[in-house]
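# Notes for the structure review
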Amino acid sequence: MWRPSPWHPFLQTLAFFNWATSRGDFPRYPEPYNEMVDLAAKMRQFDVAWHLIDSMKARNVEIPIDTFSILIRRYVRAGLAAEAIHAFNRMEDYNCKADRVAFSIVISILCKKRMAYQAQSFFDSLKDRFEPDVIIYTNLVHGWCRAGNISEAERVFGEMKMAGIMPNVYTYSIVIDALCRCGQITRAHDVFAEMIDSGCQPNSVTFNNLMRVHVKAGRTEKVLQIYNQMRRLSCPADTITYNFLIETHCKEEKREEAIKVLNTMVKKGCDPNAYTFNPIFMCILKARDVNAAHRLYARMKELNCKPNTVTYNILMRMFADSKSTDMVLKLKKEMDESEVEPNVNTYKILVSVFCSMGHWNNAYKYFREMIEEKCLKPTPSVYEMVLQVLRKAGQIKKHEELVEKMVDRGFATRQL
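Calculation criteria
- Residues numbered from 1 in each chain as written.
- Predicted model: local features only at pLDDT ≥ 70, side-chain atom pairs only at ≥ 80, totals over all residues.
- Heavy atoms only, no water.
- Core = buried A, V, L, I, M, F, W, Y, C linked by side-chain atoms within 4.5 Å.
- Buried < 20%, exposed > 50% of the residue type's maximum accessible area, 1.4 Å probe, protein only.
- Contact = heavy atoms within 4.5 Å.
- Phe/Tyr/Trp six-rings, centres within 6.5 Å; stacked < 30°, edge-to-face > 60°.
- Helix = DSSP H or I, 4+ residues; strand = E, 2+ residues; numbered from the N terminus.
- Lys NZ or Arg CZ within 6 Å of the ring centre and 35° of its normal.
- Axes fitted to C-alpha atoms, helices over the stretch in contact; angles between N-to-C directions.
- Parallel < 35°, antiparallel > 145°, perpendicular 65-115°, else oblique.
- Left-handed = near helix turned anticlockwise from the far one by under 90°.
- Patch = residues over 30% accessible without salt bridge, like charges linked within 9 Å, V, L, I, M, F, W, Y side chains within 5 Å.
- Areas by Shrake-Rupley, 256 points an atom, 1.4 Å probe, with all protein chains shown as cover.
- Salt bridge = Lys/Arg side-chain N within 4 Å of Asp/Glu carboxyl O.
- Lys, Arg positive; Asp, Glu negative; His and termini not counted.
- Charge placed at Lys NZ, Arg CZ, Asp CG, Glu CD.
- Expected span 1.5 Å × (residues − 1).
- Arc of directions from axis to C-beta.

### Observations concerning the nonpolar core
Core analysis: the biggest nonpolar cluster contains 144 residues, and Phe68, Leu71, Ile72, Phe88, Phe103 and Phe367 have the highest contact counts within it. Every residue in contact with Ile72, bar those within four places of it in the chain, is listed here: Ala84, Ala87, Phe88, Val106 and Ile109.

Structure follows, in structure tokens:
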């Protein structure tokens, strides 16, 4: 186990905490101890965490479920499932009742970290002592889904119904999502039908889970059928729903239909995001409609919607294609001011623009920014493009410097 040096900030903090708690006027409530237990466990100093809990007991400080939840969560994050369960089993030694809430918390923590097998074993060993409820079963189902074991998830799903515990909207939505993601679309629709028949009202997450797979496959008719069913059941759409509809229309290059969906979502008070606008910008890029891009970008700003890296890349590519270098640079400046991180594609556009114009100095500047400041690995074609423009300009020294930098970073070999 890692041992911090005496001067490590953690040990200094611990020393101060021990001094503070030894004073008679230090308040006897658990929150400060919980903070230190969390910090110690985060540093993998579990012995120290237990010592702190022992101190709480010795000083008659109440030890609530939260204290053990913190410790258990840190054990699980460290991959120590057995130790997490051992901590649960020791709760009553510290006058902290190991009740159904605590039982549920342990299962939830294990499942969130994809430790479904351990969560299931823990559940099976104690389910006769703590009567399971819909939350516990839903966490188990979710755990098996996250672990990619849909057959076990379905088994637990069936077991809860056999035990007379009705699945809720979260349980159904989790199962439907998992079935869709593993390609069992018909089964997912069967579970959805069962949900409706049982009187459980689906929400936007349920419908989005059904819709997602059809959007990705380009099945427009299916997407619209699900949306229409959503409307019939008076289920309000959310941003993800509207984004799926926009993406579907844009795949078929129905830009006007996509704009109508955007207008509807704004009218309904649903905030669009960059993922709402990006498919429409892609449609505009394909159509080479620069004026439409300006209009849509103005609308985006009017709605206080922040562009992301993909938005800027699409717009920069469009303006690069239309030879509007000033607009490309303006967008890069705005990107930097908004602290939106550029990626390899951003620099590919910038470097290509200046290489095509023979402006070796700007091409060289942005290429260096990409590899030095952003530590991004360029594609071989972009690298060769910059070397070529430097050779044409007679900048042999800069050419050699760039090769050195690329080799030093492991991005290229000397041969190129």
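Still more ground to cover, so stick around.
### Concerning the packing of aromatic side chains
Any aromatic ring pair is given by two values, namely how distant the centres are and how the planes are angled relative to each other. What the rule picks out here adds up to 19 aromatic pairs. For the pair Trp50 and Tyr94, a centre-to-centre distance of 6.0 Å together with 35° between the ring planes defines the contact as tilted. With Trp50 in helix H3 (residues 46-58) and Tyr94 in the loop between helix H5 (81-89) and helix H6 (100-112), this pair connects stretches of sequence that are 44 residues apart. According to the relative accessible area criterion, Trp50 is buried, its value standing at 11%. Centroid distance Phe88 to Phe130: 6.2 Å. Interplanar angle 75°. Geometry classified as edge-to-face. Of this pair, Phe88 sits in helix H5 while Phe130 sits in the loop between helix H7 (116-126) and helix H8 (134-146), and the two are 42 residues apart along the sequence. Grouping aromatic residues by their ring pairs yields a cluster made of Phe88, Phe103, Phe122, Phe123, Phe130 and Tyr137. Stacked on the ring of Tyr94, the Lys or Arg Lys57 has its end atom at 5.2 Å from the ring centre. Lying over the aromatic face of Trp50, Arg90 brings its terminal NZ or CZ to 4.4 Å of the ring centre.

### What to know about the packing of H6 against H8
Packed helix pairs are specified by the crossing angle of their axes together with the interaxial distance, meaning the distance between the axes. Put simply, H6 and H8 touch, their axes get as near as 8 Å, and they point 15° apart. The orientation of H6 with respect to H8, classified from their angle, is roughly parallel. Handedness of the crossing formed by H6 with H8: left-handed. For the pair H6 and H8, contact is made by Arg100, Phe103, Ser104, Ile107, Ser108, Cys111 and Lys112 and by Ile135, Ile136, Asn139, Leu140, Gly143 and Arg146, respectively.

### A closer look at the environment of Ser381
Structurally, Ser381 can be placed in helix H22 (residues 380-392). Taking the C-alpha atoms as reference points, Ser381 and Glu159, separated by 222 residues in sequence, lie 56 Å from one another.

### Some details on a positive patch on the surface
A surface patch of positive charge is lined by Lys42, Arg73, Arg77, Lys112, Lys113, Arg114 and Arg146. Tracing the backbone through its elements, the reader meets Arg114 in the loop between H6 and H7.

### Remarks on helix H9 (residues 150-162)
With 13 residues, H9 should reach 18 Å at 1.5 Å per residue; the first-to-last C-alpha distance of 18 Å fits that figure. Residues Ile150, Ala153, Val156, Phe157 and Met160 constitute the buried set of H9. Relative to the axis of H9, the buried residues are bounded by an arc of 120° and lie together on one face. For H9, the exposed residues set more than 90 degrees away from the buried face come down to Ser151 and Met162.

### Describing unusual backbone geometry
Not every positive phi belongs to a glycine, and Arg44 is a case in point at roughly 65°. Looking at where Arg44 falls in the secondary structure, it is placed in the loop between helix H2 (31-42) and H3. In this structure, Lys323 takes a positive phi of about 65° despite not being glycine. Within the fold, Lys323 resides in the loop between helix H18 (309-321) and helix H19 (325-337).

These results come straight from atomic positions and should not be treated as a statement about function.
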